Amino acid sequence: PHSAMAATELSSAALLGIVYYALCSSIMLVINKVTISLIPLPGLVFCIQFLTTFLAIVVGKASGLLKVDDLTMNKAKQFAPYVVAFVLSIYCNGKVLQYCNVETLITFRACSPLAVSILDWVFLGREFPALRSMLALIGVVIGAVGYVLCDSEFQMRGVSAYGWVSLYLVVIIFEMTYAKHMVSSVKFDSVIWGSVLYTNALAAGPMMMLGFGSGELSQVSEVSWSVGGLAMLVLCSVLGICMNWSGWNCRSQISAAAYTLLGVACKLISVLLNVLIWDKHASPLGIFWLIVCLLSSIFYRQAPMSSSK
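Described in the following lines is the structure provided in the data block. These numbers were taken from a predicted model, which means no experiment stands behind them.

Parameters at a glance
Residues numbered from 1 in each chain as written. Predicted model: local features only at pLDDT ≥ 70, side-chain atom pairs only at ≥ 80, totals over all residues. Heavy atoms only, no water. Helix = DSSP H or I, 4+ residues; strand = E, 2+ residues; numbered from the N terminus. Buried < 20%, exposed > 50% of the residue type's maximum accessible area, 1.4 Å probe, protein only. Contact = heavy atoms within 4.5 Å. Areas by Shrake-Rupley, 256 points an atom, 1.4 Å probe, with all protein chains shown as cover. Axes fitted to C-alpha atoms, helices over the stretch in contact; angles between N-to-C directions. Parallel < 35°, antiparallel > 145°, perpendicular 65-115°, else oblique. Left-handed = near helix turned anticlockwise from the far one by under 90°. Nonpolar A, V, L, I, M, F, W, Y, C, P; charged D, E, K, R; others polar. Core = buried A, V, L, I, M, F, W, Y, C linked by side-chain atoms within 4.5 Å. Salt bridge = Lys/Arg side-chain N within 4 Å of Asp/Glu carboxyl O. Phe/Tyr/Trp six-rings, centres within 6.5 Å; stacked < 30°, edge-to-face > 60°. Lys NZ or Arg CZ within 6 Å of the ring centre and 35° of its normal. 1 Å grid on protein atoms, 1.4 Å probe; cavity = no way out; pocket = protein on both sides within 12 Å on 5 of 7 lines; lining within 4 Å. Points joined across faces, edges and corners; volume = space filled by probe spheres on them.

Scanning the protein from N- to C-terminus turns up 15 helices and zero strands. Expressed as a percentage of its 309 residues, the buried residues of the protein come to 51%. Contacts spanning at least 24 positions in sequence make up 88% of the contacts within the protein whose residues lie at least 6 apart. Here the protein has roughly 14,000 Å² of accessible surface; of this, 73% comes from carbon and sulfur atoms.

Set out below in structure tokens:
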């Protein structure tokens, strides 16, 4: 029992990684929402983010500021399943933000830690979640269901309103689990920057094709390219570099389930920012259920590695 408790304790590096990721993630969701509202081309917006991060790493490596692994076919093949899930999750994320409110995205994502905690146990060598953690994760789901039942968009359009966000949920569960496998099994000289490089280098092309396939190319001329919109595009592209690094750094420090739950919990900051700057936010009852969902996450404790694996 003592060793199991010790295994769940977080190092100072992990705690710093969590804080940095929480800050970047919370801000990024709102910045993306504003950017896509001004430039309603999510495929193009995310493709520019990927290319910005990729070019920043290439320049950093060429100048000697960053130690980054070279691109190789073998590692690219290992990263391919993750990149497919990553691109799909980002694109679905953009579609959800285009058609739904931020709280809808957060609430559906709140259901993912329960599934990932089981996959952690089945595939990644973690122990089965303790009763307290299971109850916490179930509380998160109950809060999510409560929100959905009182969400006006659900009442107006029924299940069809949640097509994109339902697909997002399935993809994010696979992505979170497989990414932890990647960061644990693929050998890098620089595991964080290496993972960021491969993710963005391999994701830009598929994201561009998704955007073209959904008709974004024909919509470019219809977009009002304001100074504010372009400024937000630059801002979200630069912040994307921070988001990428903080995500892979944090992912390498904690379990897949803990990382997934953190991605949900830290979005409370996004909700507060969203209420301050956006018209289309949830009702007071919806916010109540969202807070129930997020408070439940506080009681979750990361499962230790299984001694039998």
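The next point concerns the packing of helix α6 (residues 112–123) against helix α9 (residues 163–185). As a packed pair, α6 and α9 sit with axes 9 Å apart at the nearest point and diverge in direction by 40°. Put simply, α6 runs oblique to α9. The element α6 and its partner α9 pack so that their crossing is right-handed. Touching Ser112, Ala115, Val116 and Leu119 of α6 are Leu169, Ile172, Ile173, Met176 and Thr177, all from α9. Residues belonging to the contact of α6 with α9 are distributed by class as follows: seven nonpolar, two polar and no charged.

Moving on, we get to the nonpolar core. In terms of nonpolar packing, the biggest core is built from 39 residues, with Cys250, Ile254 and Tyr300 touching the most fellow members. At the level of secondary structure, the elements contributing two or more residues to this core comprise α2 (12–38), α4 (73–99), α5 (102–109), α7 (131–150), α9, α13 (256–265) and α15 (284–296). Among the elements that line this core, the one with the most residues is α13, at seven residues. Of all hydrophobic cores here, the second largest spans 28 residues; its members include Phe50, Ala76, Phe86 and Met207.

So, on to the pattern of salt bridges. Inspection of every chain in the model, using the stated rule, returns two salt bridges. Note that Lys75 and Asp69 form a salt bridge whose closest N and O atoms lie 3.4 Å from each other. Residue Lys75 shares its accessibility class with Asp69, and that shared class is buried.

Our focus in this paragraph is the packing of aromatic side chains. Overall, the coordinates contain 13 aromatic pairs when judged by the stated rule. Between the aromatic rings of Tyr82 and Trp248, the centroid separation amounts to 5.2 Å while the plane-to-plane angle is 70°, which identifies the pairing as edge-to-face. Of the two residues, Tyr82 sits in helix α4 while Trp248 sits in helix α12 (residues 227–253), which places them 166 residues apart along the sequence. Ring geometry for Trp121 and Phe128: centres 4.9 Å apart, planes at 85°, overall edge-to-face. For Trp121, a relative accessible area of 38% gives the class partly exposed. Here the aromatic cluster, defined as three or more aromatic residues joined through ring pairs, consists of Phe50, Phe79, Tyr82, Phe86, Phe188, Tyr198 and Trp248. Its end group placed over the ring of Trp248, Arg251 keeps NZ or CZ at 4.7 Å from the ring centre.

The next thing to look at is the side chain of Gln49. Take Gln49: it is sitting in helix α3 (residues 42–62). Beyond its immediate sequence surroundings of up to four residues, Gln49 is in contact with Met28, Asn32, Asn200, Cys236 and Ser237.

A complete count under the given rule lists one cavity of 30 Å³ or more for this structure. Computed from the structure, the largest cavity encloses a volume of approximately 530 Å³. If you go around the largest cavity, you meet 29 residues; those closest to its centre are Phe86, Ile90, Asn93, Arg109 and Met243. Here the lining of the largest cavity gets six residues from one element, more than from any other, and that element is α12. In terms of residue class, the lining of the largest cavity is built from 16 nonpolar, nine polar and four charged.

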